[in-house]
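So you can see what is in the structure, the chains are spelled out below.
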Amino acid sequence: MKAEISVLWDKVQAMMNGFIALLPNIFLAFIVFTIFVYIGRAIKRLVKRLTRHYRYARNLGMVLGRLAQGTTILVGLFISLSIVIPSLKAGDLVQLLGISGVAIGFAFRDILQNFLAGILILLTEPFQIDDQIVFKGFEGTVENIETRATTIKTYDGRRIVIPNSELFTNSVTVNTAFENRRLEYDIGVGYGDDIERTKQLMMEALHSVDVVLKDPAPDVLVMELADSAVNIRARWWIKPPRWSDALDSRDKVISAIKQKLYVENGIDLPYPTTQVLFHDQTEETDGHRSRQREGWPAGKNEVPKPRSISGSLRKLIEMQNGNSKADPHRE
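Conventions adopted
- Residues numbered from 1 in each chain as written.
- Predicted model: local features only at pLDDT ≥ 70, side-chain atom pairs only at ≥ 80, totals over all residues.
- Heavy atoms only, no water.
- Salt bridge = Lys/Arg side-chain N within 4 Å of Asp/Glu carboxyl O.
- Helix = DSSP H or I, 4+ residues; strand = E, 2+ residues; numbered from the N terminus.
- Pairing = 2+ DSSP bridges.
- Axes fitted to C-alpha atoms, helices over the stretch in contact; angles between N-to-C directions.
- Contact = heavy atoms within 4.5 Å.
- Parallel < 35°, antiparallel > 145°, perpendicular 65-115°, else oblique.
- Left-handed = near helix turned anticlockwise from the far one by under 90°.
- Phe/Tyr/Trp six-rings, centres within 6.5 Å; stacked < 30°, edge-to-face > 60°.
- Lys NZ or Arg CZ within 6 Å of the ring centre and 35° of its normal.
- Buried < 20%, exposed > 50% of the residue type's maximum accessible area, 1.4 Å probe, protein only.
- Core = buried A, V, L, I, M, F, W, Y, C linked by side-chain atoms within 4.5 Å.
- Polar contact = N/O pair within 3.5 Å; in protein donor to acceptor, adjacent residues only side chain to side chain.

**Some details on the pattern of salt bridges**
No. 1: If you walk through the whole model with that rule in mind, you get twelve salt bridges.
No. 2: A salt bridge links Arg-159 to Glu-143; the shortest N-O distance between them is 3.0 Å. Residue Arg-159 is found in strand β4 (residues 159–163), and its partner Glu-143 is found in strand β2 (residues 138–145); the two are separated by 16 residues along the sequence.
No. 3: Among the salt bridges present, the one from Arg-182 reaches Glu-184, with a minimum N-O distance of 4.0 Å.

Next up, the structure:
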């Protein structure tokens, strides 16, 4: 028993002596790795600084900066491991990375998918930082495009984090992709109003708004004969195409059209109405589809006379007899 304890103690002492002997190497390796981390950050900042003034090179600069930083840190890791374990060769490290890379690929498949999608988004640039986009009900301004996710700030001051794989494989609407943007709004006018005159007044209202572009020119189109109104669509262009500019122009255009049509020229802007017609079963024409009224006034036609009590009873008996013949098992 004492011999076993002695052997175990010798092994513990050997391990402690080996660890103490490795302490200088571990400390040196830690310093080297820290230096490479700072070098990687410095390279990333340098690349971003060189490309920040070029709109179409900012995303490329972000990609190159992050790749350079990752490569620098990886090289520092190799050198640090070589300092701690001098017997470890570069080929052994490559083989270890190959085996572990497969395992990491299966374990972090979603993370790697988002990473690759982020790289492709940064390189292909379907949208850029400060662009305003719409994605699956989320709408806002792009704050940052990282290799894992893209963050947008909504117009009501919230932050949305969207995985890059979702953005890359689904449709995204970029509202600020072009300099100009067209807006539209439907106005319902009465059926009794002159359509051509109404369209001319709406064009005058559109041209009176300063934020509406003259080129491309606004236009007015009749779109629908609706239940209670004739719908006329006003379309106009704005620049720049940001959300605040769209709201401002919509406010001015709708106010100008309402002022021009309703206030100044008396054009009817009807609201939806429903007319309910009651069928009068007390008239003698009830049951005659060619003569009975469905609630409409008689006008110049003859007003049907009210049905007498005897006539009503006779009609009731006829209806009952008809139902009895139609259902012989009723009794």
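**Re the sheet that holds strand β7 (residues 219–225)**
No. 1: Taken together, three strands build an open sheet; the order of strands is β6-β8-β7 and the sheet is antiparallel. The outermost strands of the open sheet, each flanked by one partner alone, are β6 (181–189) and β7. Sheet twist, expressed as the mean angle between neighbouring strand axes with direction ignored, is 25°.
No. 2: Of the pairings in the sheet, the one linking β6 to strand β8 (residues 230–238) comprises nine bridges and is antiparallel in character. Along β8, the bridge assignment pairs Asp-186 with Arg-233.
No. 3: In the packing of helix α7 (residues 243–263) onto the sheet, contacts are made with β6 and β8, and the angle to β6 comes to roughly 30°.

**Section: the packing of helix α6 (residues 195–207) against α7**
No. 1: Between α6 and α7, whose axes approach to 9 Å, the crossing angle comes to 135°. Taken as axis vectors, α6 and α7 run oblique relative to one another. Between α6 and α7 lies a crossing of right-handed hand. The residues of α7 that touch α6, namely those facing Thr-198, Leu-201, Met-202, Glu-204, Ala-205 and Leu-206, are Val-253, Ala-256, Ile-257, Lys-260 and Leu-261.

**Focus: the packing of aromatic side chains**
How two aromatic rings sit relative to each other is set out by the distance from centre to centre and by the angle between their planes.
No. 1: According to the stated counting rule, one finds one aromatic pair in the structure shown.
No. 2: For the ring pair Tyr-155 and Trp-243, a centre distance of 5.0 Å and an interplane angle of 5° mean the geometry is stacked. Of this pair, Tyr-155 sits in the loop between β3 (149–154) and β4 while Trp-243 is found in helix α7, placing the two residues 88 residues apart along the sequence.
No. 3: Here the guanidinium or amino end of Arg-41 rests over the ring plane of Tyr-38, the centre of that ring lying 5.7 Å away.

**Focus: the sheet that holds strand β5 (residues 173–174)**
No. 1: Taken together, five strands build an open sheet; the order of strands is β4-β3-β2-β1-β5 and the sheet is antiparallel. Because the sheet does not close on itself, it has two edges, and the strands there are β4 and β5.
No. 2: When β2 meets β3, the two strands line up antiparallel, connected through five bridges. Opposite Asn-144, over in β3, you have Thr-151 as the bridge partner.

**Focus: the pairing of β4**
No. 1: Alternating residues of β4 divide into Ile-160 and Ile-162, all buried, and Arg-159, Val-161 and Pro-163, none buried.
No. 2: Two elements, β3 and β4, share five bridges in a ladder whose sense is antiparallel. Within the sheet, the bridge partner assigned to Lys-153 lies in β4 and is Arg-159.

**A short note on the nonpolar core**
Among soluble globular proteins, nonpolar side chains are generally buried collectively.
No. 1: Counting residues in hydrophobic clusters, the biggest one holds 21 residues, and the most contacted among them are Val-189, Met-202, Trp-236, Val-253, Ile-257 and Leu-261.
No. 2: Elements with a minimum of two residues in this core: β6, α6, β8 and α7.
No. 3: In terms of nonpolar packing, the next biggest core, distinct from the first, is built from 15 residues, Ile-119, Leu-122, Ile-152 and Ile-162 among them.

**Side note on the environment of Asp-210**
No. 1: Here Asp-210 shows up in the loop between α6 and β7.
No. 2: Of the residues examined, Asp-210 reaches a relative accessible area of 60% and is grouped as exposed.
No. 3: Between the alpha carbons of Asp-210 and Ile-238 there is a distance of 9.9 Å; along the sequence they are 28 residues apart.

**Section: the side chain of Thr-150**
No. 1: Looking at where Thr-150 falls in the secondary structure, it is placed in strand β3.
No. 2: A relative accessible area of 1% means that Thr-150 is categorised as buried.
No. 3: Of the polar contacts made by the side chain of Thr-150, one reaches the side chain of Asn-164; its length is 2.8 Å.
No. 4: Among all residues touching Thr-150, those that are not within four sequence positions of it are Phe-127, Val-142, Asn-144, Ile-145, Ile-160, Val-161, Ile-162, Asn-164 and Leu-167.

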